[in-house]
Number of protein chains: 2
Amino acid sequence: MRKVFLLMFLLPLMAVAQTVTSPNGNIIVTFSLTGNGRPTYEMTYKGKVVVKPSFLGLELAKDKHASEGLHETDLMDGFEISKTEHCSFDDTWQPVWGETRYIRNHYNEMAVTLSQLSPVHPKGEKDRKMLIRFRVYDDGIGFRYEFPQQKHLNYFIIKEEHSEFAMAGDHMAWWLPGDYDTQEQITQQTRLSEIRSKMQEAVNWGNSSVAVFSPTGVQTSLQMKSDDGLYINIHEAACLDYATMHLELVDDQTKVLTTKLGGGSNAYTPNPKPSVYPLPAPLTFVSHLTPDATGLKGAMQTPCTTPWRTVMVSDDARDMLSSKLILNLNEPCKIEDTSWIHPTKYCGVWWEMIVGKSSWNYTDDYPSIKLGQIDWNKVKPNGRHAANNENVKRYIDFAAANGLDEVLVEGWNVGWEDWANMWKRDVFDFVTPYPDFDIKALNDYAHSKGVKILMHHETSSSAQNYERHIKEAYELMNRYGYDAVKTGYVGDIIPRGDHHYSQSMNNHYLYVIKEAAKHHVMVNSHEATRPTGICRTYPNLVGGESARGTEYEAFGGNNPDHTCILPFTRLQGGPMDYTPGIFVTKLSEWSNNDSWARITIAGTLALYVTMYSPLQMVADLPEHYERFMDAFQFIKDVACDWEDSRYLEAEPGDYITVARKAKGTDNWFVGGKCDENGHSVVVKLDFLDRGRKYDCTIYADAKDAHYEKNPQSYVITKRIVKKGDILKLKEASGGGFAVSIIAKD
Amino acid sequence: MRKVFLLMFLLPLMAVAQTVTSPNGNIIVTFSLTGNGRPTYEMTYKGKVVVKPSFLGLELAKDKHASEGLHETDLMDGFEISKTEHCSFDDTWQPVWGETRYIRNHYNEMAVTLSQLSPVHPKGEKDRKMLIRFRVYDDGIGFRYEFPQQKHLNYFIIKEEHSEFAMAGDHMAWWLPGDYDTQEQITQQTRLSEIRSKMQEAVNWGNSSVAVFSPTGVQTSLQMKSDDGLYINIHEAACLDYATMHLELVDDQTKVLTTKLGGGSNAYTPNPKPSVYPLPAPLTFVSHLTPDATGLKGAMQTPCTTPWRTVMVSDDARDMLSSKLILNLNEPCKIEDTSWIHPTKYCGVWWEMIVGKSSWNYTDDYPSIKLGQIDWNKVKPNGRHAANNENVKRYIDFAAANGLDEVLVEGWNVGWEDWANMWKRDVFDFVTPYPDFDIKALNDYAHSKGVKILMHHETSSSAQNYERHIKEAYELMNRYGYDAVKTGYVGDIIPRGDHHYSQSMNNHYLYVIKEAAKHHVMVNSHEATRPTGICRTYPNLVGGESARGTEYEAFGGNNPDHTCILPFTRLQGGPMDYTPGIFVTKLSEWSNNDSWARITIAGTLALYVTMYSPLQMVADLPEHYERFMDAFQFIKDVACDWEDSRYLEAEPGDYITVARKAKGTDNWFVGGKCDENGHSVVVKLDFLDRGRKYDCTIYADAKDAHYEKNPQSYVITKRIVKKGDILKLKEASGGGFAVSIIAKD
């Protein structure tokens, strides 16, 4: 079922507006050039303005090698339209794993080829080409810049991308402070005009690698809601060898649009051009790329493209969650044999260290350590090292007894004594276990029970060190039968001066994914850049963090509405390893940690359905689950790969209810999660097969349940259901529900 | 023959001057603290002042992670002497290759342990320790900073090292502009006070990676001569995981001692301290380290040391050349099995590309290329590609016929179409040959003739890319029987913002040397940092460039005195792959290149003796040597590993005459090289064995020889000689002579 229609209009030298409409006609994108040849677009949805006329373009850096082939004349203005091509596309593809077995990729496309006078041929032909391609779906648009191979544009350095998104009103927004190094902040819900005044308190300055760049800088995916009921979401797709995009809001107080950070390169002199481009109107977002150590944003070689800049829109919040626009804008799978990629439910030697009851490191006796200069068999153990043979076996036994696929073990390898924020390059070697972790025996033991150990590679953000060791590290994994790795990037990037979301680091993450694929290893990348749907192309990227995960429940807590926001924002680009499943929410019950998880047990069960991921952790301690085995049954039963998903209701920051059909079965799982206000929901089981009966188990908050006062109060009820039946459910404050619906026979 | 004497004086809290003297008593070093606890040293030679009282210390950078273990209180002042240890050392060791079979390492040592108030314990014990160790030889000194592992100094970031060298007069100096990225400049000969006024014209701004940092910044090794006849040389030894040191001269015009470049880090705020330390007196050199991309100079973890800072001194210029001080200050060999390391004489497919007659690249048809996206079998060859099967075979035949060990082939691997200065990260893969280079067949052919091919890895300074490919690259070399690699670092460093001589890049070069050693590969590193004697520790580093080599004879020419300076400067740290041997000096005779080599044929023969290297290229084209086979005989005969070396006379920039005995034989080779003024020399053969006869062949400039007007005019004479005989030789302008003395029977 693949149809492509191609219509081409050749409109040389005519600056008339070009239009492209979504398949259902609801969305219209109009492109034109201003009098001085600046590219401009606007976007409407059902006649309402989503993006007011906004400029597009790239500012280039002055480079000392400009005479040798690098260009520095901005790609901002002076353009003419030399060609406009239209086409339609309709195809359906199958992801290796996902929320649905089939994904329809249906759009209308307009590609505008622009010509600019080359500085090499000031009086010659308009021989610098840049193409802007728009893809318009029923639920949003994507556009990107493309740079064909050409004689007079072979290499260039991006000083800044100036893609503008002029908003039509002072929308409500769910935003994170724009930051070059962390996404682990609390989402703020304010009007656009309130971002500036809220920024200072929005930043958790205690995070180890805060690098905010502007009082109005925010991250994507940015979810908004307009006063006239439009849900608008700005993000990007297919960010591969390019810097991650932030958005900088022009507001009433913006005087001059300048880059707040950066500079300091020896190779460049400041490009004096920013001021020659007029300041956009207030309520306009302008793209702001993550710089490298020189303050610049990227080195490009034609032929190349930027990532897609996406604007999703609907008057139904559920469309924000069910949209496949980001995945569709990525390239098809590039891994030929994907048979080794599989959904994974896992527990791990992890939460006990996060909470502070045990440690990653093996000894406390050295003020600092250097790999290769310590005889680990002779050092004095601290007695708190969690990744020891006995403890790991306990987790393996628990996984085997409960049908979990894998056991993550953090702190297995030497180097944790002084791993972070010391600018240590050679912090880990990724192959040497601590003396109390018998890598061969433990893997053998796990395999004998049908369980795998999940590898952990904390890089401490020393990317250079990880690349030096990566081949040996993956060879070791192959040797012992690991098939998945959790990577970590805590702390500041080494080489110093670089940032987590720069072009070079995004290239690094991709390098890791590709090396892992060569070794048939799945990757779950923590503290890496926020995803942009590249798991379509590289489906061994099965998870990631890139947001405030469950670990923050041990660092002061996440707000009850946090998991009602993440699916609208962080999850747009790909699944998150949120690590749900905390049953004993008051950590002081079993540790010296006073923090507590803001969620009920029923609510945490719901997350296995509402927070889609092919990789789901069962994060609490085995002994905690053993106290609530009836509730734990849902975690054992729930799938993590899906035939189909139906978002039943949703409102950002308030509630999400979704029903999913487990892939390859006739079983359904329904989850509902709400914020601190509680929520009542009526679930109509019209998605079940007609004439069939199902065993339905409902895990609900009890009447007295409350995320703070009574989080462990739940009720489990069982009944037989059929298509059309109705479930009336009440979610407590900070609670939720989970339902399993198992087909009989 | 190893003697160590240890004498320890415990002088706690006493700031009296400490003294250490060279074994022969000629050199005296005195150490003391100023009133505010600043470390100070001075140095005399035979009663003459070499270094006037000069401060020592390190300024540390303010780091946002300071509270987590990184210190920022400078290691400049506030010290007390807590311990002084003296010892003597006398040992003789054998290098794997070298100018002499035995090297004596004989010094007196003084190690001063300093204590500083820890900022963590402002009222507590003096618990920050820094040790300054002096080693005093008969021909100079070395000192370094040592930082023991300790509770309150585990990690620190160096803002600048402030090692001062206060000169006693306005010496004549042979200097290169201080530069973070290139050493390929013409040596300037001026008084110290003239450096500032000469700087602008001293820099060849056309070099692809000029990064000068100060109008009085110069490189080391810096050779000087005082008006009272002292030869003084400042350099460093054992620069491993540390930034390369430059020297910044304080002169009459210096107002404030500040770092001229750098800054721009997001992680740091400027340390306001430079101004609190008083400006040194004019004619003082202050150390200036090469920064990383953030403008800072290095990240340290205790226990650690800096490189040695060396000051060589003598009233005899020959001692500058015969000194083994730099090698002695390096650690003994760390490679257990060195059997695969061997002296190498080689020719190569190289000069014809340097001159411009043929090309490294295979096609001219693409404005740019991307590896993996081109089918090289289908591209149109440019017909100028030198690394083709037929041409390479011709060089192999030439090598085999003339006893050369290896044939360098540059341009064998894909990627040369747009390799430099485009900020391309993925510029080469180091394993894919062009279609006209049959890697297996050519290696087989070479091996069948007893010759090896010498690998070439041009990294284009994309260090990250090289590290990603290095294992496959060396595995390929092992597979096809390569045992040596010439590496190259043309252009600006990637990751962007870094510099050729920074701590991170020095670590990279060392990483490459170690990886090569694992694969039994010898390294000849071009455009890398200048060497500091680390070939003692890693003798597979058989050569390097790090100065203006013969290639510049095709880029405008080297001055005739160039090779009479290099042994005093560049060669102090280790051998140089100068690639001598140009017989047809007027390049226009066989190419479109108007440049010409400033040397006579006899002069170029001399270089094989005067420019010591275990790796010697025979750089001209085979067909050029075939025109002068009688002169070429010397290149065939000359050794490149030595039993003994005797510097007979020397004056920087004027002339060098040296006699060397080939290792494992009784044969001697004598070389003399002079500048544009010509030179007469009387060589007394008192180094020959008594009662023995030798066949002596003298390759001398003819009477009418002249480096410009008549470079190919030489006279070869043969005679029988014995110990005590005298050779009277006349070197032409820009000429020299070479003598082989072969023992009879």
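For the structure given in this document, a descriptive report is provided here. Just so it is clear, the structure is predicted and the values come from calculations on it, not from any experiment.

Each helix and strand counted, chain A has 12 helices and 38 strands in total. For the C-alpha atoms alone, the extent of chain A along its principal axes is close to 80 × 70 × 50 Å. Counting all 745 residues of chain A, 66% fall into the buried class. Within chain A, counting contacts between residues at least 6 apart in sequence, those at least 24 apart form 74% of the total. About 24,700 Å² of surface is accessible on chain A, with carbon and sulfur atoms providing 50% of the total. Looking at charge distribution, chain A has the averaged site of its 78 positive side-chain charges lying 3 Å from that of its 96 negative ones.

Bringing the sheet that holds strand β29 (residues 541-544) of chain A into the picture now. Residue and element names in this part refer to chain A. Strand order in the open sheet formed by 7 strands is β29-β28-β27-β26-β25-β24-β30, and the pairing between neighbours is parallel. Both outer strands of the open sheet, β29 and β30 (615-617), are each paired with one neighbouring strand and no more. On average, each strand axis in the sheet is tilted by 25° relative to the strand beside it, whichever way the strands run. Pairing analysis gives 3 bridges linking strand β24 (residues 344-349) to β30, with the strands arranged parallel.

Moving on, we come to the relation of the copies chain B and chain A. When chain B is fitted to chain A, the residual RMSD is 0.0 Å, and the transformation amounts to a turn of 180° plus an axial shift of 0.1 Å. Both copies of the chain, as the preceding transformation shows, are related through a two-fold rotation axis. Counting the interface residues of chain B, we find that 100% of their copies in chain A are interface residues as well, pointing to one common contact surface.

In this section: helix α1 (residues 195-202) of chain A. Residues and elements named next belong to chain A. Taken together, the buried positions of α1 are occupied by Ile 195, Met 199 and Ala 202. Summarising the axial view, the buried residues of α1 lie within an arc of 80°, below the 170-degree limit, and thus occupy one face. Exposed residues on α1 whose side chains face more than 90 degrees from its buried face are Ser 197, Gln 200 and Glu 201. Among the structural elements, β14 (172-175), β15 (188-191), β16 (217-218) and β19 (245-250) are those in contact with the buried residues of α1.

What follows deals with the packing of helix α5 (residues 389-401) of chain B against helix α6 (residues 439-448) of chain B. Residue and element names in this part refer to chain B. Two elements in contact, α5 and α6, have axes separated by 10 Å at closest approach and are oriented at 15°. When the axes of α5 and α6 are compared, the pair comes out roughly parallel. Handedness of the α5/α6 crossing: right-handed. On α6, the residues that touch Asn 389, Val 392, Lys 393, Ile 396 and Asp 397 of α5 are Leu 442, Tyr 445 and Ala 446. A breakdown of the residues in the contact of α5 with α6 according to their chemical character gives 5 nonpolar, 1 polar and 2 charged.

The next point concerns the pattern of salt bridges. Residues and elements named next belong to chain A. Tallying each qualifying case throughout the model produces 72 salt bridges over all chains. Asp 375 is the partner of Lys 378 in a salt bridge, and the nearest nitrogen-oxygen pair spans 3.7 Å. You can call Asp 375 partly exposed: its relative accessible area is 38%. As a salt-bridge pair, Asp 444 and Lys 440 come within 2.7 Å of each other at their nearest N and O atoms. On the criterion of helical spacing, the pair formed by Asp 444 and Lys 440 is a turn pair, its members being 4 residues apart in helix α6 (residues 439-448). Looking at Asp 444, the relative accessible area reads 40%, which means it is partly exposed. Several salt bridges share partner residues, and in doing so they unite Glu 109, Arg 133, Arg 135, Arg 144 and Glu 146 into one network.

This paragraph deals with unusual backbone geometry. Note that the residue after Thr 302 of chain A, namely Pro 303 of chain A, is joined by a cis bond; omega there is -5°. Inspection of the secondary structure assignment puts Pro 303 of chain A in the loop between β21 (298-301) and β22 (304-305). In this structure, Leu 283 of chain B is a non-glycine residue whose phi angle is positive, near 70°. Along the chain, Leu 283 of chain B falls in the loop between β19 (245-250) and β20 (284-289). For Leu 283 of chain B, a relative accessible area of 19% gives the class buried. The residue Glu 527 of chain B is not glycine, and still its phi comes out positive at about 60°. Position of Glu 527 of chain B relative to the elements: it lies in the loop between β28 (522-526) and β29 (541-544).

This brings us to the pairing of strand β3 (residues 27-33) of chain B. Residues and elements named next belong to chain B. Taken across its 7 residues, β3 has 5 buried, putting it largely inside the fold. Note that strand β2 (residues 18-21) and β3 share 4 bridges and pair antiparallel. When the bridges of β3 are listed, Val 20 appears paired with Val 29. The hairpin formed by β2 and β3 contains 5 residues between the paired strands, and Gly 25 there has a positive phi angle of roughly 85°. In the sheet, β3 pairs with strand β4 (residues 39-45) via 7 bridges, with the strands oriented antiparallel. Paired with Leu 33 across the strands is Pro 39, a residue of β4.

Here the focus is the interface of chain B and chain A. Residue-level contacts link 54 residues of chain B with 55 residues of chain A. Run the count over chain B and chain A and you get 8 salt bridges. Of the charged contacts in the structure, one is a salt bridge between Glu 467 of chain B and Arg 468 of chain A, with a shortest N-O distance of 2.8 Å. Counting the contacts that link chain B with chain A gives 25 residue pairs in polar contact (both at pLDDT 80 or more). Residue assignment for the side of chain B that touches chain A shows that the elements contributing at least two residues are β12 (155-161), β21 (298-301), α7 (463-480) and α8 (503-518) of chain B. Among the elements that make up the side of chain B that touches chain A, the one with the highest residue count is α7 of chain B (5 residues). By residue class, the composition of the side of chain B that touches chain A is 17 nonpolar, 22 polar and 15 charged.

Looking now at the environment of Asn 593 of chain B. Residue and element names in this part refer to chain B. Mapped onto the elements of the fold, Asn 593 is located in the loop between α9 (562-565) and α10 (601-610). Each C-alpha atom, one on Asn 593 and one on Lys 357, is 8.3 Å from the other, the two residues being 236 residues apart in sequence. Those residues in contact with Asn 593 that sit more than four places away from it in its chain are Ile 354, Val 355, Ala 554, Leu 587 and Ser 588. For Asn 593, the side chain forms a polar contact with the main-chain oxygen of Val 355, separated by 3.1 Å. Within the structure, Asn 593 has its side chain in polar contact with the backbone oxygen of Ala 554 (distance 3.1 Å).

Let's shift gears to α10 of chain B. Among the 10 residues that make up α10 of chain B, 10 are buried, leaving the element largely enclosed by the rest of the structure. All buried positions along α10 of chain B are accounted for by Ile 601, Ala 602, Gly 603, Thr 604, Leu 605, Ala 606, Leu 607, Tyr 608, Val 609 and Thr 610 of chain B.

This part takes up the packing of aromatic side chains. Considering all chains together, one arrives at 64 aromatic pairs over all chains under this definition. Aromatic side chains Phe 428 of chain A and Phe 430 of chain A sit 6.1 Å apart centroid to centroid with 50° between the ring planes, which places their arrangement in the tilted category. Across the pair, exposure class does not vary: Phe 428 of chain A and Phe 430 of chain A are buried alike. Ring geometry for Phe 398 of chain B versus Phe 632 of chain B: centroids 5.5 Å apart, planes at 35°, classification tilted. Here the residue Phe 398 of chain B occupies a position in helix α5, and Phe 632 of chain B occupies one in helix α12 (residues 629-637), the gap between them amounting to 234 residues. Each member of the aromatic cluster is reached from another via a ring pair, and the members are Trp 360, Trp 416, Trp 419, Phe 428, Phe 430 and Tyr 466 of chain A. Looking at Arg 468 of chain B, its charged tip hangs above the ring of Tyr 511 of chain A, at a distance of 4.0 Å from the centre. Over the ring of Trp 596 of chain B we find Lys 586 of chain B, and its NZ or CZ is 5.7 Å from the ring centre.

Attention shifts here to the sheet that holds strand β38 (residues 736-743) of chain B. Residues and elements named next belong to chain B. One open sheet accounts for 6 strands, arranged β31-β32-β33-β38-β35-β36; its pairing is antiparallel. The sheet is open, and its two edges are formed by β31 (642-651) and β36 (714-721), each paired on a single side. Averaged over all neighbouring strand pairs, the angle between strand axes comes to 10°, with direction disregarded. Sheet analysis places strand β33 (residues 668-674) next to β38, joined by 6 bridges and oriented antiparallel. Opposite Val 670, over in β38, you have Val 739 as the bridge partner.

Analysis parameters
Residues numbered from 1 in each chain as written. Chains lettered and ligands numbered in written order. Predicted model: local features only at pLDDT ≥ 70, side-chain atom pairs only at ≥ 80, totals over all residues. Heavy atoms only, no water. Helix = DSSP H or I, 4+ residues; strand = E, 2+ residues; numbered from the N terminus. Buried < 20%, exposed > 50% of the residue type's maximum accessible area, 1.4 Å probe, protein only. Contact = heavy atoms within 4.5 Å. Areas by Shrake-Rupley, 256 points an atom, 1.4 Å probe, with all protein chains shown as cover. Lys, Arg positive; Asp, Glu negative; His and termini not counted. Charge placed at Lys NZ, Arg CZ, Asp CG, Glu CD. Pairing = 2+ DSSP bridges. Axes fitted to C-alpha atoms, helices over the stretch in contact; angles between N-to-C directions. Least-squares fit on C-alpha atoms with pLDDT ≥ 70 in both. Arc of directions from axis to C-beta. Parallel < 35°, antiparallel > 145°, perpendicular 65-115°, else oblique. Left-handed = near helix turned anticlockwise from the far one by under 90°. Nonpolar A, V, L, I, M, F, W, Y, C, P; charged D, E, K, R; others polar. Salt bridge = Lys/Arg side-chain N within 4 Å of Asp/Glu carboxyl O. Polar contact = N/O pair within 3.5 Å; in protein donor to acceptor, adjacent residues only side chain to side chain. Phe/Tyr/Trp six-rings, centres within 6.5 Å; stacked < 30°, edge-to-face > 60°. Lys NZ or Arg CZ within 6 Å of the ring centre and 35° of its normal.

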